[in-house]
Amino acid sequence: AINWGSSECPTPPGVALSPHGIDLTQRADGRREILVVNHGGRESVELFELLGAAGNWQLAWRGCVLPPAGTFMNDVAALPDGDFLISHMYPRDASSIAGINLYLIRGLLGFDTGMVLRCSPSGNCKALQGTAAPLPNGIQTDATGSTLYLNAYLAGEVRKIAIGDGRLLGTARMLGPDNSQWTAEGTLLVASQIAGLRAMSHCAGLRGGACGAAFEVVELDP
């Protein structure tokens, strides 16, 4: 069987799969790979191969990577050399007071709660310089793999960061930048949650239906 992931992660997630951020990329061998942040059963990045054609798409599991213990991921972005980046929001076992996550409080006060990690398919992960932020959320990279676009959710800004040395190249202010996606024209679409944390906390408890919290989509020129 083909396995693109770590030897420490030999079995698929099965029905426990609970996907979050995803990224579709083309590998050096031409195969199409989908990276998926998974919170179900284990905290992992699941690797799938996209097979088939329009009208008959299929996914084949190709392994997974386990981040360092305590990591709580949000999004994933592939790099041209086969490595990938993951956004670590805050410790998975974060403590709370009266049901309020202490790291969310820290983030609201402007303190960093997490960072971006760079991981290899073998499972070696390390913090990426210059990416500590209040609740790192969605991430995207440019086509060359030299620039990171990090959504610092509780800081209310998108940060453009040089992956090589961690230099901050620019920022764009907006409320609650969540996940983002490139357009065919090369602009970046960012989902901005404008409803505030109180409204979003109500949505977190939903057991059915849609979240009614207000949002908008902001188009950024990188």
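Our subject is the structure listed above.
The sections below set out a description of the structure shown in this document. (Residues numbered from 1 in each chain as written. Predicted model: local features only at pLDDT ≥ 70, side-chain atom pairs only at ≥ 80, totals over all residues. Heavy atoms only, no water.)

This next bit is on the sheet that holds strand β2 (residues 32-38). Strand order in the open sheet formed by 4 strands is β1-β2-β3-β4, and the pairing between neighbours is antiparallel. The open sheet terminates on both sides in strands that have one partner only, identified here as β1 (19-26) and β4 (58-65). Shown here is a sheet whose adjacent strand axes are inclined to one another by a mean of 25°, direction ignored. By the bridge criterion, 6 bridges tie strand β3 (residues 44-51) to β4 in an arrangement that is antiparallel. The residue bridging phenylalanine 48 from the neighbouring strand is tryptophan 61, located in β4. (Pairing = 2+ DSSP bridges. Helix = DSSP H or I, 4+ residues; strand = E, 2+ residues; numbered from the N terminus. Axes fitted to C-alpha atoms, helices over the stretch in contact; angles between N-to-C directions.)

A few words on the side chain of glutamate 33. Relative to the helices and strands, glutamate 33 is located in strand β2. Classification of glutamate 33 by relative accessible area gives buried; the value is 7%. Sequence-distant contacts of glutamate 33, that is, excluding residues within four places in its chain, are made with Trp4, Asp23, Leu24, Thr25, Arg27, Leu47 and Phe48. (Buried < 20%, exposed > 50% of the residue type's maximum accessible area, 1.4 Å probe, protein only. Contact = heavy atoms within 4.5 Å.)

So, on to the sheet that holds strand β15 (residues 177-182). Pairing is antiparallel in the open sheet, where 3 strands are placed in the order β15-β16-β17. The open sheet is flanked by β15 and β17 (215-220), the only strands paired with a single partner. Taking the axes of each pair of neighbouring strands and ignoring which way they run, one obtains an average angle of 25° across the sheet. Examined bridge by bridge, β15 and strand β16 (residues 188-193) share 4 bridges and lie antiparallel to one another. The residue bridging glutamine 181 from the neighbouring strand is leucine 189, located in β16.

Membership of the largest hydrophobic core comes to 14 residues, with the highest contact counts inside it found for Leu35, Val45, Leu47, Val76, Phe84, Ile86 and Cys119. Counting residues per element, the ones that place at least two in this core are β2, β3, β5 (73-78), β6 (84-88) and β9 (115-119). Looking at which element gives the most residues to this core, the answer is β5, with 3 residues. Those residues in contact with phenylalanine 84, other than ones at most four positions away along the chain, are Leu35, Val45, Val65, Val76, Ala77, Ala78, Leu79, Leu117, Arg118, Cys119 and Ser120. The next biggest cluster of nonpolar side chains, apart from the first, holds 13 residues, and it includes Ala77, Leu79, Ala133 and Leu150. (Core = buried A, V, L, I, M, F, W, Y, C linked by side-chain atoms within 4.5 Å.)

Right, let's get into the pairing of β3. Of all the 8 residues making up β3, 7 are buried; the element is thus mostly covered by neighbouring parts of the structure. Inspection of the sheet shows β2 paired to β3 by 6 bridges, in the antiparallel sense. Opposite valine 36, over in β3, you have glutamate 46 as the bridge partner. The loop that links β2 with its antiparallel partner β3 comprises 5 residues; one of these, glycine 41, has a positive phi angle of about 80°. The antiparallel pairing of β3 with β4 creates a hairpin that spans 6 residues between the two strands, and glycine 52 there sits at a positive phi of about 95°.

Now for the pattern of salt bridges. Per the stated rule, a full pass over the model turns up 12 salt bridges. Between arginine 31 and glutamate 49 there is a salt bridge, with its nearest N and O atoms 2.9 Å apart. On the criterion of sequence distance, the pair formed by arginine 31 in the loop between β1 and β2 and glutamate 49 in strand β3 is long-range, its members being 18 residues apart. Classification of arginine 31 by relative accessible area gives partly exposed; the value is 33%. Taking relative accessible area as the criterion, glutamate 49 reaches 4% and is therefore assigned buried. One salt bridge connects arginine 173 with glutamate 157, and the closest N-O pair in it is separated by 3.5 Å. Of the two residues, arginine 173 is situated in strand β14 (residues 168-173) and glutamate 157 in strand β13 (residues 157-162); the sequence distance between them amounts to 16 residues. (Salt bridge = Lys/Arg side-chain N within 4 Å of Asp/Glu carboxyl O.)

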